[in-house]
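What the coordinates show
Spelled out from the first residue to the last, the chains are:
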Amino acid sequence: MSNDEFRAALSRLAAGVVLITAQEPPLDEHGRGEDVGMTATAFMSVSLDPPLVMVSLRNDSRMDDLLAEQPLWAVSVLTEGQRQIAGRFAMKGRISDRLLFEGIPCTRGGITGAQLIGGALATLECRTEQRVLAGDHTLVIGRVLTASLPSADGEPLTYFKGRYRQLG
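Residues numbered from 1 in each chain as written. Predicted model: local features only at pLDDT ≥ 70, side-chain atom pairs only at ≥ 80, totals over all residues. Heavy atoms only, no water.

**Quick word on the overall build of the protein**
We apply this condition: Helix and strand assignments follow DSSP, with helices taken as H or I runs no shorter than four residues and strands as E runs no shorter than two, numbered in order from the N terminus. Summary of the burial criterion: residues with accessible area below 20% of their type's maximum are buried, those above 50% are exposed, and those between are partly exposed, where the area comes from a 1.4 Å probe applied to protein chains only. Note that His is not counted, nor are the chain ends; the positive residues are Lys and Arg, and the negative ones are Asp and Glu. A charge is said to be at NZ when it belongs to Lys, at CZ for Arg, at CG for Asp and at CD for Glu.
Summing up its helical and strand segments, the protein has four helices and 12 strands in all. Reported as C-alpha extents along the three principal axes, the dimensions of the protein are approximately 50 × 40 × 35 Å. The buried share of the protein, reckoned over its 168 residues, is 39%. Side-chain charges in the protein split into 17 positive and 20 negative, and the spacing between the mean points of these groups amounts to 7 Å.

Here it is in structure tokens:
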């Protein structure tokens, strides 16, 4: 089986789209670390008791490197109207994360300090419980510390056959 065959087969599995965010540790005791964000479709619930979720990160990506040292992170479940946000944080060779957050309504998580996207279907603040190396990715399992529903009425943004989609 080739990589292309594998990718084509799994592109037939619809996935929800989330933005994973974290804050880099500050460079000194007076500053705040830079906000970092990454679009993910490999995200799932793992356990209700305790409340655990999992995200799959490409090894040696900026987010993988950050979450190896920063145990606190957040998740924003994106709505169909937030497709542009998903695309912005999924770009390869992109500009600095600081510029990517410009113009996006966000609040800072009270526990993690990570950016939570305004108008998201749901937001979660998490603390890493376990990291599992799995091929060219790392599975990061996080304990959910807070959960809220900023925009419970919207429809989810999904990813299917290599494109963002709407339900229905």
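Next, the rest of the story.
**Here's the deal with the sheet that holds strand β3 (residues 35-40)**
Rules: Note on pairing: DSSP must find at least two bridges between two strands before they are called paired. Inter-axis angles, ranging from 0 to 180 degrees, are taken between N-to-C directions of lines fitted to C-alpha atoms, where helices are fitted over the stretch in contact. Contact definition: two residues touch when any of their heavy atoms are within 4.5 Å.
Ordered by their spatial adjacency, seven strands build an open sheet running β3-β2-β6-β9-β10-β5-β4, and the pairing between neighbours is antiparallel. Only two strands of the sheet have a single neighbouring strand rather than two, namely β3 and β4 (43-47). Pairwise comparison of adjacent strand axes, ignoring direction, gives a mean angle of 35° for this sheet. Relative to strand β10 (residues 137-148), strand β9 (residues 122-134) runs antiparallel, the two sharing 11 bridges. The partner of Thr123 across the bridge, within β10, is Ser148. This element, helix α3 (residues 83-90), spans β2 (18-23) and β3 of the sheet and lies at about 110° to β3.

**Re the pairing of β3**
Walk down a regular strand and you will see the side chains alternate between the two sheet faces. The element β3 is largely enclosed, with a buried count of six among its six residues. The side-chain alternation of β3 yields two buried faces, one formed by Asp35, Gly37 and Thr39 and the other by Val36, Met38 and Ala40. Relative to β3, β2 runs antiparallel, the two sharing six bridges. Within β3, the position partnered with Ile20 by the bridge is Met38.

**Side note on the state of the cysteines**
What makes a disulfide is a covalent bond joining the sulfur atoms belonging to two cysteines. Convention followed: In what follows, a disulfide is any cysteine sulfur pair within 2.5 Å.
Tallied over the entire structure, the rule returns zero disulfides. With no disulfide of its own, Cys106 lies 16 Å from the sulfur of Cys126, the closest cysteine sulfur.

**Section: the sheet that holds strand β1 (residues 15-16)**
The sheet built from three strands is open, its strands ordered β1-β11-β12 with antiparallel pairing. Either end of the sheet is taken by a strand with one partner, and the two such strands are β1 and β12 (163-166). Relative to β12, α3 is tilted by about 165°, and along the sheet it contacts β11 (157-160) and β12.

**Some points on a nonpolar patch on the surface**
Here is the rule we go by: Each patch is assembled from residues with relative accessible area greater than 30% and no salt bridge, linking like charges that lie within 9 Å and nonpolar side chains (Val, Leu, Ile, Met, Phe, Trp, Tyr) that lie within 5 Å. Using a 1.4 Å probe, the Shrake-Rupley method yields the accessible areas, and only the shown protein chains count as cover for residues. Each reported salt bridge corresponds to a side-chain nitrogen of Lys or Arg within 4 Å of a carboxyl oxygen of Asp or Glu.
A cluster of nonpolar side chains, Met1, Phe6 and Leu10, forms an exposed patch at the surface whose accessible area comes to about 380 Å². You can see Leu10 is positioned in helix α1 (residues 3-10).

**Concerning the environment of Val77**
In this structure, Val77 sits in strand β6 (residues 72-77). For the pair formed by Val77 and Ser11, sequence separation is 66 residues and the distance between their alpha carbons is 20 Å. Residue contacts for Val77: discarding those within four places in its chain leaves Val17, Val18, Gln82, Ala120, Leu121 and Ala122.

**Things to note about unusual backbone geometry**
Residue Pro50 is bonded to the preceding Asp49 through a cis peptide linkage, with omega at 5°. Following the sequence through the fold, Pro50 ends up in the loop between β4 and β5 (52-58). The phi torsion at Asp60 lies on the positive side, around 65°, for a residue other than glycine. Of note, Asp60 is situated in the loop between β5 and α2 (62-69). In this structure Asp60 comes out as exposed when scored by relative accessible area, which is 65%. Phi angles above zero are rare outside glycine, and Lys161 is one such case at about 55°. By secondary structure assignment, the location of Lys161 is in the loop between β11 and β12.

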